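Overview (structure and organization)
Spelled out from the first residue to the last, the chains are:
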Amino acid sequence: MSEVSLKAILALDEKTRRRKPAGHNLSAEKAAERAAQLRNKGVSVSVLDQPSRHKGHGYKNCKSCQSAAENLSQEPSQDPARETTENVPQ
Ligand SMILES: [Zn+2]
């Protein structure tokens, strides 16, 4: 296999508002396919470009995927910490 661009998929967990790995080391085609499947189920997904192939066997325990998920979860548009603050009774 030549150097192809690899994709990782992160799915948004509606309950925790956090992203979790849903796939990695995927070709663009495979990634689009899986993302479409998840979106059909109503899951919000992000497809990321991987700078390099991830070493872990399974994406569920993949450190690269988890740190990517954390970075995305810190985006200001979806701030879970703010919700908690607003819910505190005055
Ligand atoms: Zn990974």
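Residues numbered from 1 in each chain as written. Predicted model: local features only at pLDDT ≥ 70, side-chain atom pairs only at ≥ 80, totals over all residues.

1. Structural notes on the pairing of strand β1 (residues 6-13)
Where we set the bar: The burial label depends on the number of other C-beta atoms within 10 Å of a residue's C-beta. Counts of 20 or more mean buried, 12 or fewer mean exposed, and intermediate counts mean partly exposed, with C-beta atoms placed from the backbone. What counts as a helix is a DSSP run of H or I of at least four residues, what counts as a strand is a run of E of at least two, and both are numbered from the N terminus. DSSP bridges decide pairing: two strands pair if at least two such bridges lie between them.
Counting buried residues in β1 gives six out of eight residues, a clear majority hidden from the surface. In terms of strand pairing, β1 meets strand β3 (residues 45-50) through six bridges, oriented antiparallel. Among the inter-strand pairings, Ala-8 is bridged to a residue of β3, identified as Leu-48. What sits between β1 and strand β2 (residues 18-26) in their antiparallel hairpin is a turn of four residues, with Arg-17 showing a positive phi close to 60 degrees.

2. Overview of the sheet that holds β1
Basically, it comes down to this: Axis lines are fitted through C-alpha atoms, for helices just across the contact stretch, and the angle between N-to-C directions can take any value from 0 to 180 degrees. Residues are treated as contacting if the C-beta atoms built from their backbones sit within 7 Å of each other.
On the basis of which strands lie adjacent, the open sheet formed by three strands has the order β2-β1-β3 and antiparallel pairing. Of all strands in the sheet, those with a lone pairing partner are β2 and β3, marking the two edges. Each neighbouring strand pair of the sheet contributes to a mean axis angle of 25 degrees, computed without reference to strand direction. Taken strand by strand, helix α2 (residues 63-73) contacts β1, β2 and β3, and its axis lies near 135 degrees from that of β2.

3. Structural notes on the nonpolar core
So the rule is basically this: The nonpolar core is taken to be a set of buried Ala, Val, Leu, Ile, Met, Phe, Trp, Tyr and Cys residues joined by way of C-beta atoms within 7 Å.
Of all hydrophobic cores here, the largest spans 14 residues; its most connected members are Ala-8, Ile-9, Leu-10, Ala-11, Ala-22, Cys-65 and Ala-68. Leave out the neighbours within four places in its chain, and Ala-8 touches Pro-21, Gly-23, His-24, Leu-48, Gln-50, Cys-65 and Ala-68.

4. Structural notes on unusual backbone geometry
Its identity is not glycine, yet Arg-17 carries a phi of approximately 60 degrees, on the positive side. One can find Arg-17 in the loop between β1 and β2. Phi is positive for Asn-25, close to 55 degrees, though the residue is something other than glycine. With respect to the helices and strands, Asn-25 occurs in strand β2.

Fair warning: the whole summary comes from geometry, so function is off the table for now.
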